Structure formats: structure tokens, C-alpha cells
Amino acid sequence: MFSTWELILQQLVNGLILGSFYALIALGYSMVYGIIKLLNFAHGDIYMTGAFVCLTVFGALSRAVAGWPGIILSIVAAMFLAGILGYLTQRFAYRPVLGAPRLSLLITAIGVSLVIYNAVMVITNSQPLFFVSGLDNSAGIQVGNITITYIQMILLVVSSVLMIGLTLFIGRTMIGKAMRAIAMDQDTCRLMGINVNKIIGLTFVIGSALAAIAGGMACVYYGNVQFNMGYTMGIKAFTAAVIGGIGSIPGAMLGGILLGLLEAIGTQFLGSSWKDVFAFGLLILILILRPNGLLGRSVVERM
Amino acid sequence: MGIITRAYALMDNKKYRCLTLAVLFVIFASFPLFMDNYTLNVLWNAMFYALLALGLNVIVGYCGLCDLGYAAKFAIGAYTTGILIKSFHWNFWLTLPVSVIVSVVTAVIIGAPTLKLRSDYLAIVTLGFAEIVRITARNLSITGSASGLNAIDRPSLFGMRLTQISQWYYVFLVLIVLYVVISNRIRHSRFGRALAYIREDEDAAQAMGVNTTLYKLYAYILGAVMGGITGSFFAVKMTSISPSSFDFTQSANILLAVILGGMGKIPGVIAGAAFFAIFPELFRDVPVIGDMRMLFFGLLLIIVMITRPQGLWPERRRLEDARTPRAS
């Protein structure tokens, strides 16, 4: 029924969706790494929290607003709450250790991740929750044997718009300029009258909101949410950020899409039980062969 | 606080240190005489974590590298021993050298290319590698896939088959003494001082002619070998191993033990490991707190990093600097 090529093409479509999730989460990693050189371990858990908030709000709204308006409202709520959570982690956990050695910063991030992960685990009693959107998951356009569902198309459009929007925001606005300046030299920024703490806080809010959108979209796309969904997703999104060149916004997008596509092809040839091995093997390979990533510039380690 | 500070001072005082250690050893060695098997098992578990923490301490505490996949190192030792005993019917003691060789080879493969890079890349590479090891163990038939290896034959020592928990208690106590001596000798060697230099200021170390990449690799290999040997003993003590014993929680626990205890400080690291092994046992039957213990660990970790970034029982750096280096 399916020829090999059609199977690969269908996998590529699926890979593109997965890749856009990776890209949205990778953006948060990359922005935070670019600005304060922190590997924000808790970012995957913020994505997971976003998915849970989206699911809960959608459930609560389901009597009044259902379908797409309900989904949009619940994703907005998720963005809002995840943004607050991201800001709080930055304000109370990371800011006090910003001057400390890198290892302390990284360990603090592991602590934050443990707190969020286990809090959600206790709240949900380790059970997966199901998202019933009431949308038709199979409706879509048929090209030969390949199906592209409407949901897939909407997700792709939304993530493209978000990525273009973020690029414009970083490149064209004063706040974006301040972010790029802080990434280069924090102390000089302070002398120039930039409120460094405020901009760093805002970076966390934006990164977390993007992760929450990815979480909400994952709700709609996969239909279930579990407390450990953020862990693998987080590492892979970080992999994507490294592939593209950490600290680079277009790099994070490219890395995300590329990882999604490569993983889809890897799954096709190696089987799904090896797909994580494929992704992590790729990470190690990229770090060995091209440590600055595809679009990254060489960065000197902080002294 | 007064008593604790005095206890620290007693341990730090060179004159009393040997005496204190001897008394401690006698106390610990006498435990199997009057304790029940359950308590001994909990203590054995604490010693097992202490061995892992001592191994990781070489990487994290001495050299300041961040390894997030230490579970993979002891998984490699455990599976090497397990496979050689199960599939090839080797004697346990002969599997140990093989376990060391496999640990060294994997550490070089992972460490050599990544240690040249930024230090936080090592964190993510070790994490990725740990996942690769775990997934590979789950998917291959020689590692017994998801159910792991069962009924691994127990070894004999001096013609005595090691089956009782009290016997294992002594085996691990001897291992602890061995690891402590090794760690201590490393710490005060030329190599150990070079590692401390790298940890405190890598650029300055390099400027002084320390081959930082090579020394970091040595530290990484050493830590991996210590983890591998611990894993080999773990496999024959438990007689069954499965991929779920080597997940990220395990790596995180060991890392937290090293960091909370005080990076680089041997008694601190052991205390941290004991805390991690015994604390969950105390709250095992308390339903809500039992589930939330990792949540508290996370909070504790953040608070410790903010208030005491060197851990609860840190090394006394100033004293260290003032002392004239021993000839080596």
C-alpha cells in the first residue's frame, strides 16, 4: 500500500511538526544561554507545566467555550502562568547565584527542575491526563498516500508566525537590542543605563511563554500529558539548540526542525525504540565535529 | 551549631584524625554483631552510595567538571560483570579487570572529544550518553532487555560464598576504606593539586603549564573506573540488574550527594551519600512526604547553592593554600 518513499515523506511531515516543537523550546534555551550562559535545566519542565495548565484550563472552560476558541484561551492562560513561573525561577533561584561559579548555577537549575517535576508528579498522582479537544484529528489534505491534517497545518503556521515574530522582536525593538547587548557585555550594559535584571527577567518570561505554547500544541497534537514529558523533550530541545549553535535565534529554529526531520528518518530506518539513541548520538557527534553548531559563532568561555 | 563545629574541627585536626578514623572504623565494623538484616541492608545501601559519590567526587569535587550521567558509569561496570558471569560463566574476580578496561575505553571515547569544549557541554554530553547506555541496555538481548539480568552467580572469597548481608557489609566497608585512601592520596598528589588548580581557575592553570585537557581526561577516567568497579560489586551483591536502576534520578542523587556534602571533602561526600540513602528510608511509610522527598531535595539544593555554594561541609581552602606542598 505504502511505498518506501511515501513512508519517508509521511515521516518527514511528522518530523516537521515534532521539529517545530523542538524549535519553540530550543528558542528558550538559546535565549537564556545567550544572555546569562545558563543551561536552564528546568526549561523542559516549564514546557510540561504549560501543557498541564493548558489541559486544566481547557477542561474547566469546556462547558462554555469549546473547540479552537477554547484551545486558544487555554494556551494563552498557559503562556501567562508559565511566564510567571519562568520569572519566579529567575528571580528567586538564578539571580542570587548569577555571580557564583558556573557549576553552582547549573546545579541550581537542576534543583529548580526537580522541584517543578516532582510538584507536578505529586499533584497529578503520576497519572497521565488526556486532552479531549473534540476536533477531528484525521481530517486533512490527502496527497497520494500522504496525509497532512489540518491540525498539523495550523501548528506549523502558528510556530512559523511565532518564530518570525521573535526574530523581528530581537532584531528590531529596543528590548531586543538590550538583550543582544547584555549577551555581549553585562557590565557595560549596566553603565549604559540598561536595567539588566529586568531584561534578564523578560528573557525568561518570553522563553517560558514560548515553551508553554509548545506545551499547549503538544496537548492538542498528542492528546495526552504526563509529568515526565518535559525531561526528554528538554534534552532534545537543548540538543537542537546546540546543533543550530547555542545563543543563536535562527540557529535554534534550524536546529529544531533539522532534529525533528532527522529523528523521523532515524525512526523509519532504525525503529522507534532507538530514536532517542539516534538523537543523543547526533548531539555527541555535532559537539565533536562542530562544537559551535551550524550557525553559532565561536564563544570564549567566561573567565 | 557549637557541637557540630567542634566535631568538624576534630575531624580537621591532623593530630586526632587518625584516632577518630580508627574509632569510627571499629564502630562501623562492629555493627553486624548486633544489628538486624534490615538495618544492615540500609547501611549497605548507604555505603554503596558513598562509593559512587567518592568516584564522582574525583570528577566533580576535585576537578570541577559537571557529570550528569554517572549512573552510566556504574551501569557499564555492572553490565560488564553481569554479562561475563551470565553468558560466559567467568569468575567474578576475573571480570573486575575487564570492567576497568571497558570503563576506561568508554570514558576516553566520551571524554577526549568533549573535555576540550566548554564545561557545561560535558554536562549535557554525559546526560545524553547515560540515556544512550540505558536505552541500549533496554533494547539488546545480551543485556536482558527491559527485565535486565537475573540470577547472577555470587562470588566466593577465601573459599566462602558471599551470600549473607553481613558478609557484603564487610566487603563494602573494605571498599570504602580503599576508596577513601585512594581519594586522599590523589588529593595530596601533584595530580590532585593540578586538578584543584583547574577547578579554581582553568585559565591560570593553563598559563602555569598544566595540560588542562589531559588532566581533566585523567580525572574523568579515574571517576569512571571507580564507578565501574562499584557497579561490578553492585551486580553480584544484588544478583539482578535492570535498566531502570540506572536512570537519571540515580545520576542526580549521586551528584546531589557530592554537592550537598561538600565538593571535594571526603567525609562530607560520605555524609551526603549516607543522607541520601537513609533519608528516604525514614519517610518510606509516610505517604505524602515519601512522594514529595525529591521536591524537598530540589528546594534544599537551591537553598544550599544560594547560601552555602561550597556544600554543607566544604574543604578548608585557606589552610590548604598555606600548607607547603609535599614532595611527590
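Starting afresh in each chain, residues are numbered from 1 along the sequence in its written order. Chains and ligands are labelled sequentially in the order written, the chains with letters from A and the ligands with numbers from 1. Where local features are concerned, this predicted model is filtered to residues with pLDDT of at least 70; where side-chain atom pairs are given and counted, the filter is 80 or more; whole-chain, interface and lining totals use all residues. Derived side-chain values reflect all non-hydrogen atoms in the structure, with water molecules and hydrogen atoms excluded from consideration.

### Here's the deal with the overall build of chain A
Note the cut-off: The way it works is that DSSP assigns letters per residue, a run of H or I at least four long becomes a helix, a run of E at least two long becomes a strand, and they are numbered from the N terminus. Computation of the radius of gyration draws on C-alpha atoms alone. For the globule rule, the value is 2.2 Å times the number of residues to the power 0.38. Classification of residues uses two cut-offs on accessible area relative to the type maximum, computed with a 1.4 Å probe and protein chains only: under 20% is buried, over 50% is exposed, and between them is partly exposed. The criterion used for residue contact is that any of the two residues' heavy atoms lie within 4.5 Å. Residue burial considers only the protein chains on display, and all accessible areas are found by Shrake-Rupley using a 1.4 Å probe.
A tally of regular secondary structure across chain A gives 11 helices and four strands. For a compact globule of 303 residues, the expected C-alpha radius of gyration is about 19 Å, and chain A comes in at 19 Å, within 12% of that figure. Based on the C-alpha atoms only, the size of chain A along its principal axes is roughly 65 × 50 × 35 Å. Relative to its full complement of 303 residues, chain A shows a buried share of 52%. Within chain A, residue pairs in contact and separated by at least 24 positions form 76% of the contacts whose partners lie at least 6 positions apart. Of the roughly 13000 Å² of accessible surface on chain A, a fraction of 68% belongs to carbon and sulfur atoms.

### Re unusual backbone geometry
Residue and element names in this part refer to chain A. Despite not being glycine, Lys37 shows a phi value in the positive range, around 55 degrees. For Lys37, the location among the structural elements is in the loop between α1 (4-36) and α2 (43-61). At Asn125, a position not held by glycine, the phi torsion is positive, near 60 degrees. Within the fold, Asn125 resides in the loop between α4 (102-124) and β1 (129-130). Given a relative accessible area of 55%, Asn125 falls into the exposed group.

### Regarding the interface of chain A and chain B
Spelled out, the test is: When two parts are brought into contact, each loses some accessible area as probed by a 1.4 Å sphere; the total of that loss over both is the buried area. Salt bridge, as applied in this entry: a Lys or Arg side-chain nitrogen positioned within 4 Å of an Asp or Glu carboxyl oxygen. Any pair of nitrogen or oxygen atoms within 3.5 Å is treated as a polar contact; in protein, a donor-acceptor pairing is required on top of that, and neighbouring residues in sequence qualify only through side-chain atoms on both sides.
Every contact between the two is made by 43 residues of chain A and, on the other side, 40 residues of chain B. Summing the contributions of chain A and of chain B, the shared interface buries around 3800 Å²; its carbon and sulfur component is 78%. The tally of links from chain A across to chain B stands at zero salt bridges. At the surface where chain A touches chain B, the tally comes to one residue pair in polar contact (both at pLDDT 80 or more).

### Description of the nonpolar core
Going by this rule: We define a nonpolar core as any set of buried Ala, Val, Leu, Ile, Met, Phe, Trp, Tyr and Cys residues linked to one another through side-chain atoms lying within 4.5 Å.
Residues Leu27(A), Leu68(B), Ile124(B), Phe172(B), Ile241(B) and Phe246(B) are the most contacted members of the largest nonpolar core, which totals 204 residues. In terms of residues, this core owes the most to one element, helix α3 (residues 37-62) of chain B, which gives 17 residues. Leaving out residues up to four positions away in the same chain, Ile241(B) has contacts with Ala78(B), Tyr79(B), Ser147(B), Gly148(B), Leu149(B), Ile152(B), Phe234(B), Ala235(B) and Phe246(B).

### Considering the side chain of Ser245(B)
Residue and element names in this part refer to chain B. Position of Ser245 relative to the elements: it lies in the loop between α10 (212-238) and α11 (248-261). Side-chain polar atoms of Ser245 contact the backbone oxygen of Ser242, separated by 2.9 Å. The residues contacting Ser245, other than those within four sequence positions of it, are Phe74 and Gln250.

### With respect to the pairing of strand β3 (residues 146-149) of chain A
Residues and elements named next belong to chain A. In plain terms, the rule: One bridge is not enough; two strands pair if DSSP finds at least two bridges between them.
Taken together, the four bridges between strand β2 (residues 140-143) and β3 define a ladder with antiparallel strand orientation. Bridged to Ile141 within β3 is Ile148. Counted along the chain from β2 to the antiparallel partner β3, the turn is two residues long, and its residue Gly144 has a positive phi close to 65 degrees.

### What to know about the packing of helix α9 (residues 229-244) of chain A against helix α11 (residues 275-289) of chain A
Residue and element names in this part refer to chain A. This is how the line gets drawn: Axes, fitted as lines to C-alpha atoms, cover a helix only where it is in contact. Angles between the N-to-C directions of the axes lie from 0 to 180 degrees. For any pair of crossing helices, the crossing counts as left-handed if the nearer helix is rotated counterclockwise from the farther one by less than a right angle, and right-handed if it is rotated clockwise. Amino acid classes used here: Ala, Val, Leu, Ile, Met, Phe, Trp, Tyr, Cys and Pro are nonpolar; Asp, Glu, Lys and Arg are charged; the rest, including Gly, are polar.
Relative to each other, α9 and α11 sit at 35 degrees, their axes nearing to 10 Å. Between α9 and α11 lies a crossing whose hand is left-handed. Mapping the contact onto sequence places Thr232, Ile235, Lys236, Thr239, Val242 and Ile243 in α9 and Lys275, Asp276, Ala279, Phe280, Leu282, Leu283, Ile286 and Leu287 in α11. Along the lines of polarity and charge, the residues of the contact of α9 with α11 split into nine nonpolar, two polar and three charged.

### What about a nonpolar patch on the surface?
The condition is simple: Only residues above 30% relative accessible area that lack a salt bridge enter a patch, with like-charged residues linked at up to 9 Å and the nonpolar side chains Val, Leu, Ile, Met, Phe, Trp and Tyr linked at up to 5 Å.
On the surface, Tyr16(B), Leu19(B), Leu21(B), Val23(B), Leu24(B), Ile27(B) and Phe28(B) cluster together into a nonpolar patch covering about 600 Å² of accessible area. A residue is classified by how much of its surface remains accessible, and Leu24(B), at 34% relative accessible area, is partly exposed.

### Here we look at helix α8 (residues 196-222) of chain A
Our working rule: Here the expected span of a helix is defined as 1.5 Å times the quantity of residues minus one.
Compared with an ideal rise of 1.5 Å per residue, which puts 27 residues at 39 Å, α8(A) spans 39 Å between its outermost C-alpha atoms and is within 8% of the ideal. Backbone geometry just downstream of α8(A) places Gly223(A) in the positive-phi region, at approximately 80 degrees.

### Examining the packing of aromatic side chains
The condition is simple: Each Phe, Tyr or Trp ring (for Trp, its six-membered ring) is paired with any other whose centre lies within 6.5 Å, and the angle between the two planes then decides the class: stacked below 30 degrees, edge-to-face above 60, tilted in between. Only when the NZ of Lys or the CZ of Arg is both within 6 Å of the ring centre and within 35 degrees of the ring normal is a charge said to sit over the ring.
Inspection of the entire model under this criterion finds 28 aromatic pairs over all chains. With centroids separated by 5.6 Å and ring planes inclined at 55 degrees, the aromatic side chains of Phe191(B) and Tyr215(B) adopt a geometry described as tilted. Of this pair, Phe191(B) sits in helix α8 (residues 190-200) while Tyr215(B) sits in helix α10, and the two are 24 residues apart along the sequence. Tyr215(B) matches Phe191(B) in its accessibility class, with the two residues each being buried. Taking NZ or CZ as reference, Arg91(A) lies 5.4 Å from the ring centre of Phe92(A), over its face. It is Lys237(B) that lies over the ring of Trp44(B); its NZ or CZ is 4.1 Å from the centre.

### Thoughts on the pattern of salt bridges
As enumerated under the stated definition, the model contains seven salt bridges over all chains in all. Between Glu131(B) and Arg134(B) there is a salt bridge, with its nearest N and O atoms 3.0 Å apart. Here Arg134(B) and Glu131(B) lie together in helix α6 (residues 119-139), a separation of three residues that amounts to about one turn. The exposure class assigned to Glu131(B) is buried, which follows from its relative accessible area of 5%. It is possible to trace a salt-bridge network through shared partners that takes in Lys236(A), Glu263(A) and Asp276(A).

### Brief notes about the confidence of the model for chain B
Residue and element names in this part refer to chain B. Put simply, the rule is: Confidence scores per residue from the predictor, reported as pLDDT, run from 0 to 100.
The pLDDT averaged across chain B works out to 81; a share of 87% of its residues lies at or above 70. For chain B, helix α14 (residues 317-322) is the element with the lowest average pLDDT, namely 47, and α10 is the one with the highest, namely 92. Confidence over residues 318-328 falls short of pLDDT 50; this stretch has 10 contacts with residues more than four positions distant or in other chains. Here the predicted complex carries an ipTM of 0.82, next to a pTM of 0.83.

### Observations regarding the packing of α1(A) against α9(A)
Residue and element names in this part refer to chain A. For clarity, the cut-off: Convention used here: angles under 35 degrees read as roughly parallel, angles over 145 as roughly antiparallel, angles from 65 to 115 as roughly perpendicular, and any remaining angle as oblique.
Taken N-terminus to C-terminus, the directions of α1 and α9 make an angle of 75 degrees; their axes are 8 Å apart at the nearest point. Considering their axes alone, α1 and α9 lie roughly perpendicular with respect to each other. Here α1 contributes Phe21, Tyr22, Ile25, Ala26, Tyr29 and Ser30 to the contact with α9, which in turn contributes Met233, Gly234, Ile235, Lys236, Ala237, Phe238, Ala240 and Ala241. A per-class count over the contact of α1 with α9 returns 11 nonpolar, two polar and one charged.

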